[in-house]
Amino acid sequence: ARSFAYVSPRVQDVLGFSPEGWDASDRIHPHDQARVREAIDRSARTGDPFLMEYRFLAKDGNVVWVLDHASLISRTERGDPSSFQGMMLDITARKDAESKAEAAEGRFRTLAERGPAVVYSFELAYDGDEDSKPSVRVLYVSPQAAELVGYPIDRWLEKPEVWFEMIHPDDRERVARATERNRRTGGPWSMRYRMIRSDGTVIWLLDTGRLLERDSLGRPSTFQGIMLDVTEDEEGKAHLETSERKQRLALESTLAIPWSETIHPETGFERYTYIGPQAFDILGYTPEELMVERGHFHRIVHPDDRARVRKTLSGSARSGVWEDTYRILRRDGDIRWLHAFGRRVSPPGAILEVWHGIAVDVSTSRAE
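Undergrad: Even after reading the chapter, I still don't get the overall build of the protein, so can you show me in this structure?
TA: Counting its secondary structure elements, the protein contains 14 helices and 13 strands. Looking at the protein as a whole, 42% of its 368 residues qualify as buried. A separation threshold of at least 6 residues defines the contact pool for the protein, and within that pool the share at least 24 residues apart is 49%. Total accessible area computed for the protein in this model is approximately 21,000 Å², and 50% of it derives from carbon and sulfur atoms.

Undergrad: Can you help me understand the pairing of strand 11 (residues 321-329) in this one?
TA: Each regular strand displays side chains that alternate between the two surfaces of the sheet. Sheet analysis places strand 11 next to strand 12 (residues 335-344), joined by nine bridges and oriented antiparallel. Bridging across to strand 12, Asp324 finds its partner in Ala340. As consecutive antiparallel partners, strand 11 and strand 12 are separated by five residues, and within that stretch Gly333 has a phi angle of approximately 95°, a positive value.

Undergrad: Even after reading the chapter, I still don't get the pattern of salt bridges, so can you show me in this structure?
TA: Side-chain pairs of opposite charge can arise whenever the charged atoms involved come near each other. Inspection of the entire model under this criterion finds 20 salt bridges. Here Asp334 makes a salt bridge to Arg336, at a shortest N to O gap of 4.0 Å. A network of salt bridges, in which partner residues are shared, links Asp305, Arg308, Asp324 and Arg327.

Undergrad: Is there a simple way to explain the sheet that holds strand 12 in this structure?
TA: Within a sheet, adjacent strands bond to each other through the backbone by hydrogen bonds, running parallel or antiparallel. With antiparallel pairing, five strands are arranged side by side in an open sheet as 10-9-13-12-11. Each end of this open sheet is capped by a strand with a single partner; those strands are strand 10 (270-275) and strand 11. The average angle at which neighbouring strand axes cross in this sheet is 25°, direction not considered. Pairing geometry for strand 12 and strand 13 (residues 353-361), over seven bridges, is antiparallel. By the bridge assignment for strand 13, Ala340 is matched with Ala359. The strands touched by helix 13 (residues 303-319) are strand 11, strand 12 and strand 13; relative to strand 11, the strand with the most contacts, the crossing angle is about 165°.

Undergrad: Teacher, can you tell me more about the sheet that holds strand 6 (residues 189-196) here?
TA: Sheet architecture is open: five strands sit in the order 5-4-8-7-6, paired in antiparallel fashion. Each edge of the open sheet is held by one strand with a lone partner, namely strand 5 (135-141) and strand 6. Strand-to-strand twist of the sheet, defined as the mean angle between neighbouring strand axes without regard to direction, takes the value 30°. Two strands pair when backbone bridges link them, and strand 4 (residues 118-125) and strand 8 (residues 220-229) are joined in this way by six bridges, in the antiparallel orientation. Note on strand 8: the bridge partner recorded for Tyr120 is Gly225. Of the strands in this sheet, strand 4, strand 5, strand 6, strand 7 (202-214) and strand 8 touch helix 8 (residues 169-185), which is tilted by about 145° from strand 6.

Undergrad: Which parts of the structure should I look at to understand the side chain of Thr325?
TA: On the secondary structure map, Thr325 appears in strand 11. By relative accessible area, which is 13% here, Thr325 ends up buried. Looking at Thr325, its side chain comes within polar contact range of the side chain of His339, at 2.3 Å.

Undergrad: When you look at the pairing of strand 3 (residues 81-90) in this model, what are you seeing that I'm missing?
TA: Alignment of strand 2 (residues 63-75) against strand 3, held across nine bridges, turns out to be antiparallel. Paired with Ala70 across the strands is Gly86, a residue of strand 3. Counting the residues between successive antiparallel strands, the hairpin from strand 2 to strand 3 contains five residues, one of them, Gly79, with a positive phi of roughly 95°.

Undergrad: So what exactly am I meant to see when it comes to helix 3 (residues 33-46) here?
TA: Within an α-helix, residues lying three or four positions from one another point in the same direction, as the helix has 3.6 residues per turn. End to end, helix 3 covers 20 Å across 14 residues, agreeing with the expected 20 Å (1.5 Å per residue, within 8%). Within the sequence span of helix 3, burial applies to Val36, Ala39, Ile40 and Ser43. Seen along its axis, helix 3 keeps its buried residues to an arc of 100°; they face one direction. Opposite the buried face of helix 3, by more than 90 degrees, sit the exposed residues Ala34, Glu38 and Arg45. Residue Gly47 follows helix 3 closely and has a positive phi angle near 85°.

Undergrad: In this structure, what is going on with the packing of aromatic side chains? I would like to understand it.
TA: For any two aromatic rings, the description comes down to two numbers: the centre-to-centre distance and the angle of the planes. Per the stated rule, a full pass over the model turns up nine aromatic pairs. Relative to Trp189, the ring of Phe122 has its centre 6.3 Å away and its plane inclined at 40°; by these criteria the two rings are tilted. Of the two residues, Phe122 sits in strand 4 while Trp189 sits in strand 6, which places them 67 residues apart along the sequence. In this pair, the class of Phe122 matches that of Trp189, namely buried. The rings of Tyr120, Phe122, Trp189 and Phe223 are connected pair by pair, giving a single aromatic cluster. Geometry around Trp65 places Lys95 over its ring, the cationic atom sitting 4.5 Å from the centre. Taking the ring centre of Tyr126 as reference, the NZ or CZ of Arg219 above it sits at 4.1 Å.

Undergrad: Where do I start with the side chain of His356 in this structure?
TA: Tracing the backbone shows His356 in strand 13. A relative accessible area of 2% means that His356 is categorised as buried. Among the polar contacts made by the side chain of His356, one reaches the side chain of Ser260 at a distance of 2.9 Å.

Analysis parameters
- The residue numbering used here restarts from 1 in each chain and proceeds along that chain's sequence as written.
- Note on the predicted model: pLDDT of at least 70 is required for a residue's local features to be given, and 80 or more for side-chain atom pairs to be given and counted; whole-chain, interface and lining totals, by contrast, use all residues.
- Side-chain numbers here rest on the full set of heavy atoms in the structure, without hydrogens or water.
- Helical segments are the DSSP runs of H or I of at least four residues, strand segments are the runs of E of at least two, and each set is numbered from the N terminus.
- Burial classification: accessible surface area is computed with a 1.4 Å probe over protein chains only, and a residue below 20% of its type maximum counts as buried, one above 50% as exposed, and the rest as partly exposed.
- Contacts: residue pairs with any heavy atoms within 4.5 Å of one another.
- The method behind every accessible area is Shrake-Rupley, applied with a 1.4 Å probe, and residues are considered shielded solely by the protein chains displayed.
- Two strands qualify as a pair provided that DSSP identifies no fewer than 2 bridges between them.
- Any carboxyl oxygen of Asp or Glu within 4 Å of a side-chain nitrogen of Lys or Arg constitutes a salt bridge here.
- Working convention: axes come from line fits to C-alpha atoms, limited for helices to the stretch in contact. Angles between N-to-C directions cover 0 to 180 degrees.
- Identification of polar contacts relies on pairs of N or O atoms within 3.5 Å, with a donor-acceptor requirement for protein atoms, meaning one able to donate a hydrogen and the other able to accept it, and with residues adjacent in sequence counted only if both atoms are side-chain atoms.
- Helices are assigned an expected span. That span is 1.5 Å times one less than the residue count.
- Summarising the geometry, the arc corresponds to the directions from the helix axis toward the C-beta atoms.
- The rule is short: rings of Phe, Tyr and Trp, with Trp giving its six-membered ring, pair when the centres are within 6.5 Å, and they are stacked under 30 degrees, edge-to-face over 60, tilted in between.
- Each ring is checked for a lysine NZ or an arginine CZ that lies within 6 Å of its centre and within 35 degrees of its normal; such an atom marks a charge sitting over the ring.

Structure below.
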């Protein structure tokens, strides 16, 4: 156990105890006591510095995170560690920020791995020769890709070229040329092509993406994209061409808002659990503002479109899939057109339905 010859009066500001009335060992969070005790014993035995982040229980019951750092300043006549001097820093704010960041990352990962779109990213590696063809390394593919094509992701993760072998022969050359051009120039892409699944069936994909980073020499380096199964759309050629144009124009401007929502089917209670940061550029509202206002969606839909949108939403409750094009009113009064896709991902009969989707700004295409 530690005994203290001196404790700064600051302890009262941080933990609520006077220096005389504070017993450090009694106020350590129960979940941290064992590891703190072990570290203290080790420093007392070896003389090594003590450095640890752990929790205290303040006098008001709140949890306070501290960074505790102490160094040996004297030894006994036999050479054993005797006295340490140190300081504690209140790091509660940093810990809270880290916790919120981890939660946000978790929400995004859930959206990416359970939403209607396959998310992927890859990078180009150059060997130093400016004229040589760079190699491709896949950084991430969301797990829905395996279900989409019927093959395990490992089939093409190590050898990305295997993906092209699964493309329909009539589309393969076209996709290969476009892919080579995008990798060379760093330009955005939006392609529709056919894939042959493991069971032999043919599906149509909408594959869109853009450059994220260039290397130190200005060469395209890291790319990110999304893929959607648009097989049903191909049944109507006119709808296919319109949807492709909307997606291409939207992705070139990176104006797409991913979202996640929970709905109680009996009470109609709705709550957004995630809205992408692109909302600010498209709608003029921060994601936090929109998530606090549960009914914001119907408020910002253009009055002339509200009845129709409510009707398509009602139909989606039965089908589990929602798609619509409508106008919204930005914070500044400007009007934008959105094309939205949504899918129910919760199990049938779940008390709370979970929906994931993407809203794409297609204002440019509507204006032409």
